[in-house]
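Here is what each chain is made of, one letter per residue.
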Amino acid sequence: MPRREIFAGNWKMYKTLHEALDLVKGVLAGTSDIGGREVVVFPPSPWAKPVADLCRGTKISVGAQNMYFEREGAFTGEVSPLMVRDAGCRFILVGHSERRHVFGETDDNVNKKVAAAFQNDIEPMICVGELLEERERGLTGAVLKRQVEKALDGVSGDQMKKVVIAYEPVWAIGTGKVATPEMADEAHRHIRRIVKDRYGAGTAAALPVLYGGSVKPDNIAGLYAMENIDGVLVGGASLKADSFLDIIRVK
Ligand code: PEP
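Residues numbered from 1 in each chain as written. Predicted model: local features only at pLDDT ≥ 70, side-chain atom pairs only at ≥ 80, totals over all residues. Heavy atoms only, no water.

A. Geometry of the pairing of strand β4 (residues 91–94). Residues F91 and L93 line one face of β4 and the alternating positions I92 and V94 line the opposite face, and both faces are buried. When strand β3 (residues 60–64) meets β4, the two strands line up parallel, connected through two bridges. Each bridged residue has a counterpart across the sheet, and for G63 the counterpart in β4 is F91. The handedness of the β3 to β4 crossover, carried by helix α3 (residues 81–86), is right-handed. Relative to strand β5 (residues 123–128), β4 is paired through four bridges, and the arrangement is parallel. Across the sheet, residue I92 finds its bridge partner in β5, namely P124. (Buried < 20%, exposed > 50% of the residue type's maximum accessible area, 1.4 Å probe, protein only. Helix = DSSP H or I, 4+ residues; strand = E, 2+ residues; numbered from the N terminus. Pairing = 2+ DSSP bridges. Right-handed = clockwise from strand over helix to strand, strands pointing away.)

The following block contains the structure:
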């Protein structure tokens, strides 16, 4: 069974409203003939609705970069799943390394956000990945196992059809150091094995696993050629329509 192919752009904390709309218009202009490939953009929260309004009925879906897991309440500064959904977002990025390592998000937070996403009909794109020190100590497999298992705690087999996992080695994000295609493929295979152990071979085979970490137009081809890499989550190179389109349109 062919897996979904997903090209996602994380705009992080960049772009004014005007720039965000220009960027998504540029991406829209180049995505009319991309066949079954799916494109997702994650604008900063205040721009989610205007970007989603422009993307309605197109090949581009919109996601939020973060949300809190409670539905509403006295949580100043937070955004609820209901608000994310109301803004027109289909996806939520959960467990991005900048959330984990700059803002101290735990595996438990990640799990609560995944549950909140499903309660509100939002599809989670769950990010996992090891620190450089963990890779050097041979802990990559154990870190991925812990992060994936904890994130998916309580997720049903049926809900797994809506889960996307992004493998993002922390040492490769925003650093210009990209994992080799073989390293990434091995990590993706490991993630699929973890999912297989819990949900069975069919679910694991259908799960889209994206690679993220310094993906650029000049390294996408090697990554995308790998059997277990079903797309990419792109930060820096998604901030310009031309470079994101070069990635989306990889042969
Ligand atoms: C990211 O933000 O998820 C990411 C992978 O960033 P970059 O492509 O800039 O490394």
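B. Quick peek at the state of the cysteines. Considering all chains together, one arrives at zero disulfides under this definition. We note that C55 lacks a disulfide partner, and the nearest cysteine sulfur, in C89, lies 10 Å from it. Note on C55: relative accessible area 3%, which makes it buried. (Disulfide = S-S within 2.5 Å.)

C. Spatial organisation of the environment of A29. With respect to the helices and strands, A29 occurs in helix α1 (residues 17–29). Note on A29: relative accessible area 66%, which makes it exposed. Put simply, A29 and D158 are 129 residues apart on the chain and 35 Å apart in space, counted from C-alpha to C-alpha.

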